[in-house]
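Descriptive analysis of the structure
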Amino acid sequence: MIWLVVFSGFLVCAAAGSTTCPIMMSPPRVVVRYGDSLLANCSATHEIEGIGWESTYGGTGLKTGVSSVSLKIDPVKAWVIEPQCYINEVSGEQCVENLPVTVYKTPESVTLSPSTNTWTPMNEGESYVLSCHVVDVAPAEDLRVCWYKGNYMVLIDDYKDRGPVPVNITSFYKFIVDRENNGMKIWCEATLKFNSIEPDPPAMPSKAHEMVVLYPPTFIKSSNETVELRSGKTLALNCTATGNPAPVYSWDFPALIQETIKKENVTEVVWTPTFLLPGEYSCTASNSHGESTKYFSVVEAAEDRTTFAAIVGVFASLGVLLLIAGPFFVASNGSFSFNKGSII
Ligand SMILES: *[C@@H]1O[C@H](CO)[C@@H](O)[C@H](O)[C@H]1NC(C)=O
Ligand SMILES: *[C@@H]1O[C@H](CO)[C@@H](O)[C@H](O)[C@H]1NC(C)=O
Ligand SMILES: *[C@@H]1O[C@H](CO)[C@@H](O)[C@H](O)[C@H]1NC(C)=O
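We now turn to the structure provided with this report. Predicted model, so just to flag it, every value in this text is computed and none were measured. (Residues numbered from 1 in each chain as written. Chains lettered and ligands numbered in written order. Predicted model: local features only at pLDDT ≥ 70, side-chain atom pairs only at ≥ 80, totals over all residues. Heavy atoms only, no water.)

**What to know about the sheet that holds strand β25 (residues 290-300)**
If you trace the 4 strands from one edge of the open sheet to the other, you get β20-β25-β24-β23, paired in mixed fashion. The outermost strands of the open sheet, each flanked by one partner alone, are β20 (225-229) and β23 (248-252). Direction aside, neighbouring strands of the sheet carry axes that sit 25° apart on average. Pairing analysis gives 9 bridges linking strand β24 (residues 279-287) to β25, with the strands arranged antiparallel. Within the sheet, the bridge partner assigned to C283 lies in β25 and is K294. (Pairing = 2+ DSSP bridges. Helix = DSSP H or I, 4+ residues; strand = E, 2+ residues; numbered from the N terminus. Axes fitted to C-alpha atoms, helices over the stretch in contact; angles between N-to-C directions.)

This is the structure in structure tokens:
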């Protein structure tokens, strides 16, 4: 019951308000590009004495004997236009209504730049500030700057109270770089958003920058592994790591093999044998940003132990011979495979 009273009270007020100035504007609000033409109509909704536009540009003066009057400004060459339509009523009273006008200008340019003067490869974990310069845009309060990273919008900047004349605006985006950003494109985009029936002018994007991010090696299969040797089965020790710049790999072998290498006076070991013996193997992936080591415990499968005991014996006595005879493979992606069957 109370609600009904309040509600009907509101209706009465609203109705009373609308009867005070019997004016209809078409369109009710104008958004116009600087240099284009503006056209608006004002008409009376009931019988009147006279009607007219008062405006610094395109004013009409009072017209009698008509019920509508047009305002035409061609071209619009001012940033502030505040036209008013007024009506002289039969009763002798006058009433006035403003036509809201927004004069806009799309940006001259939109430029993305790093806080340092030039683009350089970025380091993972460091924080960077990028700026987006929007030159000569009006009105800034309707400007929106959006930041995109790898097709996702990551920041929206809106501006308030910057006045009607063209200004330069700079939006900043600060972020901590991670490896996911490597190869991603980043850019900013300036849009004027008017909330009007007319479509907004198209967004102006900056040039996109493709980021280069440097980061230390990380193994694709990260944890240490225990691998079993089986007769006739190929086995791969996968040391592949991601990293930028691309990692360099080195391997460390069990004492028995290591000693053999030393005898041969090989100093740099970035190779892998065509067969393995049980023991602890490790590989190290390194680049300018760090290094990482992974361990492989190579164990013989239970049913193959006897065979392996024999192999170890042979190897121990003929180690040098085997080293020379066995073909070695180096894989640039950090993995290698061997076939236990092939050595017997
Ligand atoms: C204004 O009125 C004129 C004449 O009545 C009409 O041709 C024109 O389309 C109207 N313009 C707008 C914006 O309503
Ligand atoms: C806006 O930037 C442009 C280009 O950087 C410059 O020429 C102009 O003077 C700047 N205008 C203002 C109002 O700062
Ligand atoms: C891998 O093994 C090494 C040596 O056995 C050890 O120091 C390291 O913590 C292990 N790493 C992982 C991820 O288990």
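Still to come is the rest of the account.
**Regarding the site of ligand 1**
Inspection of the region around ligand 1 gives S26, P27 and N41 as its neighbouring residues. S26 places a side-chain nitrogen or oxygen 2.8 Å from an oxygen atom of ligand 1. Coverage of ligand 1 by the protein amounts to 38% of the 360 Å² it exposes when considered alone. (Near = heavy atom within 4 Å. Polar contact = N/O pair within 3.5 Å; in protein donor to acceptor, adjacent residues only side chain to side chain. Areas by Shrake-Rupley, 256 points an atom, 1.4 Å probe, with all protein chains shown as cover.)

**Brief notes about the state of the cysteines**
Enumeration over the complete set of coordinates arrives at 4 disulfides. Across a sulfur-sulfur distance of 1.8 Å, C42 and C85 are joined as a disulfide pair. Looking down the S-S bond of the C42 and C85 bridge, the torsion is -80°, so its handedness is left-handed. In this pair, C42 is assigned in strand β3 (residues 38-44) and C85 in strand β7 (residues 84-89), connecting sequence segments 43 residues apart. Across this residue pair, the class does not change: C42 and C85 are buried. In this model, C132 is linked to C188 through a disulfide, with the two sulfur atoms separated by 2.0 Å. (Disulfide = S-S within 2.5 Å. Buried < 20%, exposed > 50% of the residue type's maximum accessible area, 1.4 Å probe, protein only.)

**Details of the sheet that holds strand β4 (residues 48-54)**
Reading across from one edge, β5-β4-β7-β8 is the order of the 4 strands in this open sheet, with antiparallel pairing throughout. Looking at which strands have only one partner, the edges of the open sheet turn out to be β5 (63-64) and β8 (94-98). Two strands pair when backbone bridges link them, and β7 and β8 are joined in this way by 5 bridges, in the antiparallel orientation. In the strand pairing of β8, C85 is matched with E97.

**Examining the nonpolar core**
In terms of nonpolar packing, the biggest core is built from 26 residues, with L38, C42, W53, L99 and V101 touching the most fellow members. When residues of this core are traced back to their parent elements, those giving at least two are β1 (23-26), β2 (30-33), β3, β4, β6 (68-73), β7 and β9 (101-104). Here this core takes 4 residues from β3, the largest share from any one element. The residues touching C42, leaving out its near neighbours within four places in the chain, are I23, M24, M25, I51, W53, S67, S68, V69 and C85. Membership of the second largest hydrophobic core comes to 25 residues, among which are L130, C132, V134 and Y173. (Core = buried A, V, L, I, M, F, W, Y, C linked by side-chain atoms within 4.5 Å. Contact = heavy atoms within 4.5 Å.)

**Examining the side chain of T102**
Within the secondary structure, T102 is located in strand β9. Residue class for T102 comes out buried when judged on its relative accessible area of 15%. Those residues in contact with T102, other than ones at most four positions away along the chain, are R29, V30, V31, V32, P139, D142 and F194.

**Considering the environment of E189**
Tracing the backbone shows E189 in strand β16 (residues 185-192). Excluding residues within four positions of it along the chain, E189 makes contact with R144, V145, C146, Y148, A203, M204 and P205.

**Points about the pairing of β16**
Most of β16 is tucked away, with 7 of its 8 residues classed as buried. Taken together, the 2 bridges between β16 and strand β18 (residues 209-210) define a ladder with antiparallel strand orientation. The partner of I186 across the bridge, within β18, is H209. The pairing of β16 with strand β17 (residues 204-205) spans 2 bridges and is antiparallel.

**A closer look at the pairing of β9**
Walk down a regular strand and you will see the side chains alternate between the two sheet faces. The side-chain alternation of β9 yields two buried faces, one formed by V101 and V103 and the other by T102 and Y104. Sheet analysis places β2 next to β9, joined by 4 bridges and oriented parallel. Of the residues in β9, the one forming a bridge with R33 is Y104.

**Overview of the packing of aromatic side chains**
Within the structure shown, the criterion is met by 5 aromatic pairs. Taking 5.1 Å as the distance between ring centres and 45° as the angle between the ring planes, the aromatic pair formed by Y104 and F194 counts as tilted. You can see Y104 sitting in strand β9 and its partner F194 sitting in the loop between β16 and β17, a full 90 residues away along the chain. Given the relative accessible area of 4%, F194 is considered buried. Linked through ring pairs, W147, Y173 and F175 together constitute an aromatic cluster. (Phe/Tyr/Trp six-rings, centres within 6.5 Å; stacked < 30°, edge-to-face > 60°.)

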